[in-house]
Amino acid sequence: MRDATADPAALSAALLDWYDRHARALPWRVGPAERKAGVRPDPYRVWLSEIMLQQTTVAAVTAYFHRFTRLWPSVDALAAAEDGAVMGEWAGLGYYARARNLLKCARVVTGEHGGVFPDDHAALLALPGIGPYTAATISAIAFDRPETVMDGNVERVVSRLYDIHTPLPAAKPELHALARALTPAQRPGDHAQAMMDLGATICTPRSPACGICPLRDPCAARAAGTAPLLPRKAEKKAKPVRQGSVYIARRADGALLLERRPDKGLLGGMLGWPGSDWGERVEEAPPVAAQWQVLPGEVRHTFTHFHLILQVRHAEVEAGSAPERGAFLGQDAFRPSDLPTVMRKAYDLWRSGAAHGPGRAD
DNA sequence: GACCCGTGGTG
DNA sequence: TCACCAAGGGT
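A few points on the structure. (Residues numbered from 1 in each chain as written. Chains lettered and ligands numbered in written order. Predicted model: local features only at pLDDT ≥ 70, side-chain atom pairs only at ≥ 80, totals over all residues. Heavy atoms only, no water.)

Overview of the protein's contact with DNA strand C
Part 1 of the argument: Not every one of the 23 residues close to DNA strand C is listed here, only the nearest: L53, T134, D151, N153 and R156.
Part 2 of the argument: In this structure, a base nitrogen belonging to DNA strand C sits 3.2 Å away from a side-chain N or O atom of W28.
Part 3 of the argument: Sorting the residues of the surface near DNA strand C by element identifies α9 (132-143) and α10 (152-161) as the ones contributing at least two each. (Near = heavy atom within 4 Å. Polar contact = N/O pair within 3.5 Å; in protein donor to acceptor, adjacent residues only side chain to side chain. Helix = DSSP H or I, 4+ residues; strand = E, 2+ residues; numbered from the N terminus.)

So, in structure tokens, the structure goes:
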């Protein structure tokens, strides 16, 4: 199915020419004009952005990237941060193991590499939270190494360029070999970013803009009319529905009962309301003795592999009450933005009900 | 390879 | 409303 006229050097040249004219301006990016003028990206910012961008859109990442770089302008500054502060700033971005590994990685770079990111693939791969994709991307973008970057964008672009119908993930080795042949010796960093920009703006998952694509002539899927159908993917399993409950206790002074979740597992390391496990139909004793009231309504939330329906309970507790789980956090120390989204939804449900007082209709 | 791990946008 | 999707990594 390969187009014999699709010379890799010509493809790469056409792609770089398009990138020079249409590169997205991104907060962590050194654009093609600056790069040609000799400007080099800050490896810390490249690394931070790549971790944030794992399975996450540019639109979602941008505000987080600005906050993180303002609070912690260097890897040394980040390494010195408190765990809770970093987890709180990451709240809402998801995949919280990334934040835990972000801190681990910063502390290794500071403690074992003198605060300087290593510039070789193997050393990068050995760092927490950096896998094959991120190691290759940091090498290419931060150090302009001729690494082959294989993310979801590149898989899509290459599968269409060569009209590959093998479903993912089985197609990965084949796609990687094809992508490697496209990687140029000159400007590999810009090439990697050009592939991603093409995938994000032209060669999109649905209704790709083939008419204005710089690779439309050599593209095999464009010729075959199969571009919108690629890449094919293995079927996914259905998500089961789980249920559970959380307890929001407020002390007279306004302090709220919260707990730090264990590092492993769902929402690991994040702040949350004490509650039951989540499963078929779980009931559990409250974290503190009180008159618990079931709030009207429910929280619905979807995780990677299940749907959750959450019942929210609330109680006003006495000043001296000793909780069996969690700890009371003072009004001034509690920021709703520190909560992962599902816990934030529970908080919002309680607050929206409290605003209307008891006896609310729904 | 299989499974676990979040979230918000989108059609 | 809902399934799909996004600059993946760890186990």
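Picking up after the structure, the text goes on.
Section: helix α12 (residues 188-201)
Part 1 of the argument: A rise of 1.5 Å per residue sets the reference length of α12, with its 14 residues, at 20 Å; its end C-alpha atoms lie 20 Å apart and thus fit the reference within 8%.
Part 2 of the argument: Burial analysis of α12 places 12 of its 14 residues in the buried class, the great majority of the element.
Part 3 of the argument: Three or more residues of α12 are buried, namely P188, G189, D190, H191, A192, Q193, A194, M195, M196, D197, L198 and G199.
Part 4 of the argument: Residues of α12 that are buried sit in contact with α1 (8-22), α2 (32-36), α9, α10 and α11 (172-182). (Expected span 1.5 Å × (residues − 1). Buried < 20%, exposed > 50% of the residue type's maximum accessible area, 1.4 Å probe, protein only. Contact = heavy atoms within 4.5 Å.)

A word on the packing of α1 against α12
Part 1 of the argument: Close contact between α1 and α12 brings their axes to 9 Å; oriented N to C, the two are set at 75°. In terms of orientation, α1 lies roughly perpendicular with respect to α12. Where α1 abuts α12, its residues S12, L15, L16, W18 and Y19 lie against D190, H191, Q193, A194, M195, D197, L198 and T201.
Part 2 of the argument: Class assignment of the residues belonging to the contact of α1 with α12 gives a composition of 7 nonpolar, 4 polar and 2 charged. (Axes fitted to C-alpha atoms, helices over the stretch in contact; angles between N-to-C directions. Parallel < 35°, antiparallel > 145°, perpendicular 65-115°, else oblique. Nonpolar A, V, L, I, M, F, W, Y, C, P; charged D, E, K, R; others polar.)

A look at the nonpolar core
Part 1 of the argument: One finds W47, M52, W90, I130, W273, W278 and V342 to be the most contacted residues of the largest nonpolar core, which totals 66 residues.
Part 2 of the argument: For this core, the two domains that each supply at least three residues are domain 1 (8-229) and domain 2 (241-356).
Part 3 of the argument: Not counting residues within four places of it along the chain, the set of residues in contact with V342 comprises L267, W278, V299, H301, F303, L308 and L310.
Part 4 of the argument: Of all hydrophobic cores here, the second largest spans 29 residues; its members include Y19, I164, L182 and C213. (Core = buried A, V, L, I, M, F, W, Y, C linked by side-chain atoms within 4.5 Å. Domains from an automatic or database assignment.)

Section: the protein's contact with DNA strand B
Part 1 of the argument: Taken together, 18 residues lie near DNA strand B, and Y96, L267, H301, H305 and T341 sit nearest.
Part 2 of the argument: Of everything in DNA strand B that lies within 4 Å of the protein, sugar and phosphate atoms constitute 60%.
Part 3 of the argument: Between Q55 and DNA strand B, the recorded distance is 3.0 Å, taken from a backbone N or O atom to a base nitrogen.
Part 4 of the argument: A distance of 2.5 Å is found between a phosphate oxygen of DNA strand B and a side-chain nitrogen or oxygen belonging to H301.
Part 5 of the argument: In terms of residue class, the surface near DNA strand B is made up of 8 nonpolar, 10 polar and no charged.

A look at the pairing of strand β2 (residues 256-260)
Part 1 of the argument: Of all 5 residues in β2, 4 are buried; the element is thus mostly enclosed.
Part 2 of the argument: Pairing of β2 with strand β7 (residues 327-329) involves 3 bridges; the strand directions are antiparallel. Bridge pairing in β7 places L257 opposite F328.
Part 3 of the argument: Bridge analysis of β2 against strand β3 (residues 271-272) gives 2 bridges, and the strand direction is antiparallel. Across the sheet, the residue bridging to E259 is G272, located in β3. (Pairing = 2+ DSSP bridges.)

Thoughts on empty space enclosed by the protein
Part 1 of the argument: Here the structure, examined in full by the defined rule, presents 3 cavities of 30 Å³ or more.
Part 2 of the argument: As a volume, the largest cavity reaches approximately 120 Å³.
Part 3 of the argument: Along the walls of the largest cavity sit 15 residues, with R160, C203, C210, C213 and C219 positioned nearest its centre.
Part 4 of the argument: For the lining of the largest cavity, the leading source of residues is α10, giving 3 residues.
Part 5 of the argument: Classifying every residue of the lining of the largest cavity gives 12 nonpolar, no polar and 3 charged. (1 Å grid on protein atoms, 1.4 Å probe; cavity = no way out; pocket = protein on both sides within 12 Å on 5 of 7 lines; lining within 4 Å. Points joined across faces, edges and corners; volume = space filled by probe spheres on them.)

Focus on α1
Part 1 of the argument: Look at α1: 21 Å from first C-alpha to last across 15 residues, which is about the 21 Å you get at 1.5 Å a residue.
Part 2 of the argument: Inspection of α1 places L11, S12, L15, L16, W18 and Y19 among the buried residues, and these make up the whole buried set. Take α1 and look down its axis: the buried residues cluster within an arc of 160°, on one side only. α1 presents A9 and R21 as exposed residues on the side facing more than 90 degrees away from its buried surface.
Part 3 of the argument: In the core, the buried residues of α1 are packed alongside α2, α10, α11 and α12. (Arc of directions from axis to C-beta.)

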